Amino acid sequence: MNRIRNIFFAILLCAACSTSAIAQKYSIEAGFISPKQSGKNFSTNYFNGVRLGVNAEFELKHNFSLLTGALYSVVYAEKMQRYSADSVTYKTYGHFIDVPLRISYSLKLNKNLKLFGFVGPNINIGLAQPRKTNAQLSETTTELIDDLYGTAPKSGTEDLYKNALIHRINFQMGAGGGVQWKNYQLKAGYDFGINSINKIDSSKLLRQSGWYVSLVYQF
């Protein structure tokens, strides 16, 4: 997987560098994002939040362009796990920086209107992910969970990155598209997690993926 990812990055960078850039455009972006952390051995944790950032577009040939930028996201998730009459509630915040590298193709419909699509990798960098756990467990349930899973959840607050529970770097592959009217864009996309972010047990895959929709102003 690492070799495939490195080869893809190298091909994409070489293609971008070997093609002369005709023009350069900048834009600001704001929108809604909904990542999720999921895996075969985990219950899915759904986040919702907002993102804000800047982009740069380098026009290439034949309506193709290279897109990159830096986007900050803050998200929130609340999940409850029930154990018969007992329960554990997790409240998690996530702070991320996304650095996309996309190849885009646009189709002009008229002077002011065009459609576009894009595909390429995204590097999701975790800044902080504090999680507050509220465990309402009886002694009997705690002992049962200890026997089955090793350690029962305990009430408290921790940062999943600082406590070395998940990896900060999340490699993703994404695709999406949208419509542009004059300097305004409406776009949406989905990023698929490639590597496992589970730092405790590499045999149990935990991936972070998600979709987003954004408004963009290009200048």
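Counting from 1, residues in each chain are numbered in the order their sequence is written. Selection of residues for local features in this predicted model requires a pLDDT of at least 70, selection of side-chain atom pairs for listing and counting requires 80 or more, and totals for whole chains, interfaces and linings are taken over all residues. Hydrogens and water molecules were not included; the side-chain quantities draw on all heavy atoms of the structure.

Caption draft 1: Representation of the pairing of strand β2 (residues 42–46) within the structure. If DSSP finds at least two bridges between two strands, the strands pair. Helix numbers and strand numbers start at the N terminus; a helix is a DSSP run of H or I with at least 4 residues, a strand a run of E with at least 2. By the bridge criterion, three bridges tie strand β1 (residues 24–39) to β2 in an arrangement that is antiparallel. Counted as the bridge partner of Q37 is N45 from β2. Counting the residues in the hairpin turn of β1 and β2 gives two residues.

Caption draft 2: Examining the layout of surface pockets more closely. Cavity: a set of points on a 1 Å grid over the protein atoms alone where a 1.4 Å probe fits but cannot get out. Pocket: an open set with protein on both sides within 12 Å along at least five of seven lines, its lining residues, like those of a cavity, having an atom within 4 Å of a point. Grid points are joined across faces, edges and corners, and a volume is the space filled by probe spheres set on the points. In this model, the largest pocket occupies a volume close to 1200 Å³. Lining the largest pocket are 32 residues, and of these F42, Q81, Y90, R131 and I200 lie nearest its centre. Taken together, the elements giving at least two residues each to the lining of the largest pocket come down to β2, β4 (64–83), β5 (86–108), β7 (130–136), α2 (139–149) and β8 (156–159). Classes in brief: Ala, Val, Leu, Ile, Met, Phe, Trp, Tyr, Cys and Pro nonpolar; Asp, Glu, Lys and Arg charged; the others, Gly included, polar. Looking at the lining of the largest pocket residue by residue, the class counts come to 13 nonpolar, 13 polar and six charged. Space inside the second largest pocket adds up to approximately 670 Å³. Along the wall of the second largest pocket there are 40 residues; nearest its centre are E57, K114, Q180, Q185 and Q218. It is β5 that provides the largest number of residues to the lining of the second largest pocket, a total of seven residues. Partitioning the lining of the second largest pocket into residue classes produces 13 nonpolar, 14 polar and 13 charged.

Function-wise, these values are silent; they only describe arrangement.
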